[in-house]
2 protein chains.
Amino acid sequence: MNEKYCIIMAGGIGSRFWPLSKNNYPKQFLDVLGTGKSFIRSTFERFNPVVPAENFLVVTNAAYRDLVLEHIPELKPNQVLCEPMRRNTAPCIAYATWRIKSRCNKASVVVTPADHLVTNEVEFQKVISTGFDFVEQPEHANALMTIGIRPSRPETGYGYIEVDPAKQPKHEHEVVEMASFKEKPDLERAKQFVAAGNFYWNSGIFIWSLEGITNAFHNSLPDMEQLFESGAHLFGTDKEQAFINEKFAQCENISIDYGVMERSDCRYTIPADFGWSDIGTWGSLYTHAAHDNYGNALRGKVVTADLKNSVVNIEPGVEAIVQGLDHCLVAYRDNSFLVCRLDDEQRIKEWVAELEK
Amino acid sequence: MNEKYCIIMAGGIGSRFWPLSKNNYPKQFLDVLGTGKSFIRSTFERFNPVVPAENFLVVTNAAYRDLVLEHIPELKPNQVLCEPMRRNTAPCIAYATWRIKSRCNKASVVVTPADHLVTNEVEFQKVISTGFDFVEQPEHANALMTIGIRPSRPETGYGYIEVDPAKQPKHEHEVVEMASFKEKPDLERAKQFVAAGNFYWNSGIFIWSLEGITNAFHNSLPDMEQLFESGAHLFGTDKEQAFINEKFAQCENISIDYGVMERSDCRYTIPADFGWSDIGTWGSLYTHAAHDNYGNALRGKVVTADLKNSVVNIEPGVEAIVQGLDHCLVAYRDNSFLVCRLDDEQRIKEWVAELEK
């Protein structure tokens, strides 16, 4: 049985959750749902029954290093890999992969975003274990696996994974070949995907063997492979960070989906159903949060009146009165606040840019 | 010519302006209109051309003593009279009156709230001087004068002063006899008042001679007169505050309007028109503030979108995005914020009470 590793990608800033998430405190460190745990903490706890704590690697920006160790005190400092700048998911995963390679030759690896929601952790662990079992079989050494979520609605905010209708799974937890990735669709196409039944949400969770992902970098991103290979003897030593700081900027800014998965002919999916959301928008948070009798999702010390179908999220120490709104978002954190219509939340980035002018 | 005194009543907490005004920072110390000056500072500057700085007395709660001296550094500490508790305007005015009596026998006195707006200060000073001239005439020694504001609209938020139609003023700045006070009317009555032409808004500004107000307390509130008379030898000494702290609670909790004016048969009014508002509500602030192209009155660092006819008031150091509202109020100060419909602002007290439960 291979050693099992978990790479948590935690470099994002989740700017869509302004003002809760900002550069100095990104989404993965927030507890926007009020579970008592941040997203990154929940992510660690979700994988820890399957992967031992010492085999986690969190890739993040240097600025967030201390926050990561604060949220996951089980980690040793050298388990937090610091990117000097954001370079998308392929370089992030390559860095962590070569770190693992400095410690062992044979491993199974799961890669996950740090800031997603999973509500059924038992089912989740079954799915991840199924994936590990699959990639540990010698004939699947080169398999690159994704977790595909059975869609519950024609969501336009997610990418989709297509499976050949003839190769659809016949029983639970069955691993199937993956046909193609589909970009975020418009509503019409999303409805077609859901109706067709052979499309799954792309969860951004990957499972592969160390050998498999190494071969994939070799075949699909040889420049990146060579860059990390040139420093292979430095990984796990006190020269690693200097090497990364010097070389990381040379990596192509490309996602693992485009850089590796799209170019592979050995792709698999486990269709799964463990209550997943990327909580990428206030609207998705609204969907997953508990509601009062008027359909409001409330966090913090707030008195409401004539308020319906709205999200109110107030940091501790602040008190609020919110009245007379319907389908709105009211959020306060760190000397910034936002009042807007939930339907217009995609414009938050634009307003924040104007505020920062 | 009598010495001239100005009593500024600054004990209120202006709770209707929550969260800008709170117990620890009431409305009179705010600059809600963005003039660069607090209400109490503007009040001082408005009277100072008519009354020398050393003849101002500010009556306030002990908790606001330092704030008063900060906003009006021209005052000596002993010009700030500290009430141990709120006891309405009659005891407040009695206290200041007996303090003046400890310094002189003959004076003309103007009494004013600390937190009103006047836009035409030149006209204002003419009206006040006219009032002083009137009460300094020996035959008017017992005159109790009010300033009546010519109503520009059927306002239901103000009390009214009625003048006998036969005794209406024939020229500007003419002092006329006052017939009666009218409580805040409903809209129908307010319309009748404005149409009739012999009703004026009660500005809460009074002018009288020291002799006149002393006689009025003697006739109308003899218990209160006796209480202050019993300490007359202590006023202006270092025993004054102890006396006030001990005795003030025994004063009847009654307004000068009910306690003195209603019981007097020697009442006068100067109908005036100097751009006055008590800025008693967010709505009146909205009326008097500058507006952007969409009818919004904005204060602070705020980015707006799809915002109309609204008030946004954000304290320095905080930034806000406000979008998608019409005729709303968004205010933030001191870790508290409020979002509500302007039409419902009279419920702010109720919500604040709920928040403080």
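Refer to the structure above for everything that follows.
Residues numbered from 1 in each chain as written. Chains lettered and ligands numbered in written order. Predicted model: local features only at pLDDT ≥ 70, side-chain atom pairs only at ≥ 80, totals over all residues. Heavy atoms only, no water.

1. Topic: the state of the cysteines
Covalent bonding between the sulfur atoms of two cysteines is what defines a disulfide.
All names here are of chain B.
Then, in step 1: The final tally for this structure, using the stated rule, is zero disulfides over all chains.
Then, in step 2: Cysteine C251 shares no disulfide, and the gap to the nearest cysteine sulfur, in C92, comes to 11 Å.
Then, in step 3: C251 sits in the buried class, given a relative accessible area of 5%.
Then, in step 4: The closest cysteine sulfur to the non-disulfide-bonded C340 is located on C328, 7.3 Å from its own sulfur.
Then, in step 5: Residue classification places C340 among the buried residues on the basis of a relative accessible area of 0%. (Disulfide = S-S within 2.5 Å. Buried < 20%, exposed > 50% of the residue type's maximum accessible area, 1.4 Å probe, protein only.)

2. Focus on the relation of the copies chain A and chain B
Then, in step 1: Placing chain A over chain B gives an RMSD of 0.1 Å and needs a rotation angle of 179°, together with 0.0 Å of translation along the axis. What the rotation and shift describe, once combined, is the action of a two-fold rotation axis.
Then, in step 2: With an isologous cut-off of 70% or more, the 100% of interface residues of chain A that recur at the interface of chain B puts this contact in the isologous class. (Least-squares fit on C-alpha atoms with pLDDT ≥ 70 in both. Contact = heavy atoms within 4.5 Å.)

3. A word on the packing of helix α6 (residues 210–220) of chain A against helix α7 (residues 222–230) of chain A
Residues and elements named next belong to chain A.
Then, in step 1: The interhelical angle for the contact between α6 and α7, taken along N-to-C directions, is 120°, at an axis separation of 5 Å. Considering the angle they form, α6 stands oblique to α7. When α6 is examined against α7, the residues F217, H218, N219 and S220 are found in contact with a partner set consisting of P222, M224 and E225.
Then, in step 2: Considered class by class, the residues forming the contact of α6 with α7 number three nonpolar, three polar and one charged. (Axes fitted to C-alpha atoms, helices over the stretch in contact; angles between N-to-C directions. Helix = DSSP H or I, 4+ residues; strand = E, 2+ residues; numbered from the N terminus. Parallel < 35°, antiparallel > 145°, perpendicular 65-115°, else oblique. Nonpolar A, V, L, I, M, F, W, Y, C, P; charged D, E, K, R; others polar.)

4. Structural notes on the pattern of salt bridges
Then, in step 1: If you walk through the whole model with that rule in mind, you get 32 salt bridges over all chains.
Then, in step 2: Salt-bridge contacts for B:D66 lead to B:R65; the nearest nitrogen and oxygen are separated by 3.6 Å.
Then, in step 3: Within the structure, one salt-bridge network assembled from shared partners comprises A:K22, A:D334, B:K301 and B:E319. (Salt bridge = Lys/Arg side-chain N within 4 Å of Asp/Glu carboxyl O.)

5. Thoughts on the interface of chain A and chain B
Then, in step 1: Contacts between the two partners involve 33 residues from chain A and, on the opposite side, 33 residues from chain B.
Then, in step 2: Across the chain A to chain B interface the summed buried area is about 2,800 Å²; carbon plus sulfur atoms make up 62%.
Then, in step 3: Looking at the side of chain A facing chain B, the largest losses of area belong to A:I321, A:F337 and A:L355, adding up to 28% of the total buried there.
Then, in step 4: Here chain A is connected to chain B by four salt bridges.
Then, in step 5: Between B:K22 and A:E319 there is a salt bridge, with the nearest N and O atoms lying 4.0 Å from each other.
Then, in step 6: Among the elements of the structure, β14 (301–305), β16 (319–323), β17 (328–333), β18 (336–341) and α11 (348–355) of chain A are those that each provide at least two residues to the side of chain A that touches chain B.
Then, in step 7: Looking at which element gives the most residues to the side of chain A that touches chain B, the answer is β18(A), with six residues.
Then, in step 8: A class-by-class count of the residues in the side of chain A that touches chain B yields 20 nonpolar, five polar and eight charged.
Then, in step 9: Pairing between β18(A) and strand β16 (residues 319–323) of chain B: four bridges, direction parallel. (Buried area = accessible area lost by both parts, 1.4 Å probe. Pairing = 2+ DSSP bridges.)

Read these as layout, nothing more, since geometry by itself doesn't imply function.
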